[in-house]
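A structural walkthrough
Letter by letter, the chains look like this.
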Amino acid sequence: MDRREFLSKGTGALIAVGLGGTAIPAIAGGSRDERPVNIDYKPSDGKSGPLKVRFLGTGAADWNGRDERGELRRLTSALLDDSVLIDFTPTDEDMLPEDVRPEVIFYTHSHGDHYDPQAALKLGVKRVYLGSTWYERACDDFGKAAARAGKPIPEIIPLSPGDKATAYGLIITTLPSNHATGDRKEQTLMYLVEKKDIRVLYATDTGGIPAIAARIAGIDPHEEGTPITGIIMEATMGLDGDEDFRIFTHSSVETVLRTVHMLIRQGRYLPKLNQPVYLTHMARTLHPTQAELDNTLPAPLKAAYDGLEVFFNA
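Cut-off values and rules
- Sequence positions are assigned chain by chain, starting from 1 and proceeding in written order.
- Predicted model: local features are reported for residues with pLDDT of at least 70 only, side-chain atom pairs are reported and counted for 80 or more only, and whole-chain, interface and lining totals are derived from all residues.
- Calculated side-chain values reflect all of the structure's heavy atoms, with hydrogen atoms and water omitted.
- Here a strand is any run of E in DSSP of at least two residues, a helix any run of H or I of at least four, and the numbering for each starts at the N terminus.
- We call two residues in contact when some of their heavy atoms are within 4.5 Å.
- Only buried residues count toward a nonpolar core. Its members are Ala, Val, Leu, Ile, Met, Phe, Trp, Tyr and Cys residues joined through side-chain atoms within 4.5 Å.
- Burial classes: relative accessible area under 20% of the type maximum marks a residue as buried, over 50% as exposed, and values in between as partly exposed (1.4 Å probe, protein chains only).
- What makes a salt bridge here is a side-chain nitrogen of Lys or Arg within 4 Å of a carboxyl oxygen of Asp or Glu, nothing more.

Remarks on the environment of Ile-153
- Along the chain, Ile-153 falls in the loop between helix H4 (135–149) and strand S8 (155–159).
- Sequence separation between Ile-153 and Pro-117 is 36 residues, and the spatial gap between their C-alpha atoms is 9.9 Å.
- Not counting the four nearest positions on each side in its chain, Ile-153 is found in contact with Phe-142, Gly-143 and Ala-146.

Points about the nonpolar core
- The biggest cluster of nonpolar side chains holds 29 residues, and the ones touching the most others in it are Val-53, Phe-106 and Phe-312.
- The residues touching Phe-106, leaving out its near neighbours within four places in the chain, are Val-84, Leu-85, Ile-86, Asp-87, Tyr-129, Leu-159, Ala-165, Ile-172 and Tyr-191.
- Judged by nonpolar contacts, the second largest core, of 27 residues, contains Ile-228, Val-260, Met-282 and Ala-303.

Some details on the pattern of salt bridges
- For the structure on display, the rule yields 21 salt bridges.
- Here Arg-54 ties to Glu-309 by a salt bridge, and the two come within 2.6 Å at their closest N and O atoms. Residue Arg-54 is located in strand S1 (residues 51–57), and its partner Glu-309 is located in strand S16 (residues 309–312); the two are separated by 255 residues in the primary sequence.
- Exposure remark for Glu-309: the relative accessible area of 6% places this residue in the buried category.
- Notably, a salt bridge pairs Asp-62 with Arg-246, separated by 3.8 Å at the nearest N-O pair. On the criterion of sequence distance, the pair formed by Asp-62 in the loop between S1 and strand S2 (65–66) and Arg-246 in the loop between strand S13 (230–234) and helix H6 (253–265) is long-range, its members being 184 residues apart.
- Residue classification places Asp-62 among the partly exposed residues on the basis of a relative accessible area of 27%.
- Where salt bridges share partners, they join Lys-52, Arg-54, Asp-82 and Glu-309 into one cluster.

Topic: unusual backbone geometry
- Residue Asp-205 is reached from Thr-204 by a cis peptide bond, and omega for that bond is -10°.
- Of note, Asp-205 is situated in the loop between strand S12 (198–203) and helix H5 (211–217).
- Here Ala-299 and Pro-300 are connected by a cis peptide whose omega angle stands at 5°.
- Among the structural elements, Pro-300 can be located in the loop between helix H7 (290–296) and strand S15 (301–303).
- You will see that Tyr-168, though not glycine, has its phi angle at about 55°, which is positive.
- Here Tyr-168 lies in the loop between strand S9 (164–167) and strand S10 (170–176).

And the structure:
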């Protein structure tokens with residue numbers, strides 16, 4: 001099967017034939033510039049029920065706001081169960097639900113399109129998790145930001161790959177990602193988010209899934225492991241974008257599709273039937289509009305958009 005045929009077929013047939021389970025409810029949402037309203041979800045006690053993910057922003061560094069086509073994407077950030085943030089910048093604040101002010105944040109890395117101490121302090125974040133390789137620098141950043149804002153410095157907790165943290169009924173495991181910052185010693189991170197039997201891989205920024213990350217997450221076919229039940233993965237490069245220089249530290253649509261294809265064949269990805277794989281961190285220069293993505297992405301891939309709320313089940 002050549003590249004184009006692979007992309008056009010996607011993995012929809014594999015999922016329809018090879019996976020069991022029941023269909024999940026339709027994902028509710030309004031227009032892409034409005035706050036979506038979900039009528040099916042009932043807030044859980046943090047220990048049961050589905051994992052709720054709200055995409056606050058879905059754009060890469062070059063897509064911060066409305067572009068020349070009128071297409072709007074904020075910088076990439078996600079909110080878990082209305083309680084825990086993964087990355088956060090000032091661009092994402094207006095996508096938080098009303099009366100929701102998370103106090104815990106996990107950073108993937110120190111690039112400015114993911115990390116902003118002043119925005120976290122303004123929000124009232126009290127606990128910060130980030131990579132141990134840039135812990136001292138982050139403490140200095142937060143100290144200076146706190147002094148300017150007249151606010152207390154939050155608790156800052158360093159994490160190494162394989163470490164686990166618990167927050168609001170979630171178990172969050174750090175995974176090494178394939179990404180580079182200006183600090184050559186910085187190990188960037190992805191996260192495995194678990195809630196009872198729900199296991200969602202949150203993979204941005206990264207060029208594919210490194211072998212060590214796959215082993216820690218339990219999805220390396222060479223070892224015994226536990227399948228994941230959901231995937232949120234960056235696709236900085238769009239279709240036909242694999243020759244862009246960003247391929248060294250980012251993933252493309254094809255990278256994500258091939259990853260999903262392999263994990264399904266190896267029995268390491270077992271979602272509910274019809275549950276999409278959500279794409280985020282899309283580059284303005286390498287992606288079409290949301291409407292075009294909705295019409296052209298191969299199953300089971302779906303482009304997330306700012307304000308989209310989705311629910312993962314085991």
